[in-house]
Amino acid sequence: MVGIIQGTKLKREVAYEEVMDTAKSIGIEYAEIDVKTGHNLRNFIEHSVMLIRDEDLAYYRTKRDLFLKNHTKPLIKGTFTILTGLYAVLIAYDP
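Just so we're clear, the structure is a prediction, and the values are computed from it rather than from any experiment.

What counts, and where the lines are drawn
Residues numbered from 1 in each chain as written. Predicted model: local features only at pLDDT ≥ 70, side-chain atom pairs only at ≥ 80, totals over all residues. Heavy atoms only, no water. Patch = residues over 30% accessible without salt bridge, like charges linked within 9 Å, V, L, I, M, F, W, Y side chains within 5 Å. Areas by Shrake-Rupley, 256 points an atom, 1.4 Å probe, with all protein chains shown as cover. Salt bridge = Lys/Arg side-chain N within 4 Å of Asp/Glu carboxyl O. Helix = DSSP H or I, 4+ residues; strand = E, 2+ residues; numbered from the N terminus. Buried < 20%, exposed > 50% of the residue type's maximum accessible area, 1.4 Å probe, protein only.

Participant: Can you help me understand a nonpolar patch on the surface in this one?
Facilitator: Among the surface-exposed residues, Met1, Ile26 and Ile28 lie close enough to one another that they form a single nonpolar patch of about 270 Å² accessible area. Along the polypeptide, Met1 turns up in the segment before strand S1 (2-5). A relative accessible area of 40% means that Met1 is categorised as partly exposed.

Written out as structure tokens, the structure is:
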């Protein structure tokens, strides 16, 4: 949730504490940005980008983990079969 303010003379319609309590109760964050001075705008954008990045990383880690869980056993079995075959060839051609 973003609160927009204009300059230092702030006339609030809702108390800051009330906004913070509401944001916490529904599980979101709250930030105030001054549209005249740009105060807190950079922090807000950087924080938002980091949250999106973290959500993306968590999503792709989950997909990677599911893939490895479902495909690791056949991969290991296939690798073992190949190594066993190579060992057999090595023994057969050992002078």
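After that view, the rundown keeps rolling.
Participant: Looking at this model, I keep getting lost on the pattern of salt bridges. Mind explaining?
Facilitator: Note that side chains of opposite charge can pair when their charged atoms are close. Across all of its chains, the model carries three salt bridges by this definition. The salt bridge partner of Arg42 is Glu46, with a shortest N-O separation of 3.0 Å. Placement of both Arg42 and Glu46 in helix H2 (residues 41-92) is noted, with a separation of four residues, approximately one turn of the helix. Residue class for Arg42 comes out exposed when judged on its relative accessible area of 62%. Salt-bridge contacts for Arg64 lead to Asp65; the nearest nitrogen and oxygen are separated by 3.1 Å. Look at Arg64 and you get partly exposed, because its relative accessible area is 45%.

It is worth stressing that arrangement in space is one thing and function is another; only the former is reported here.
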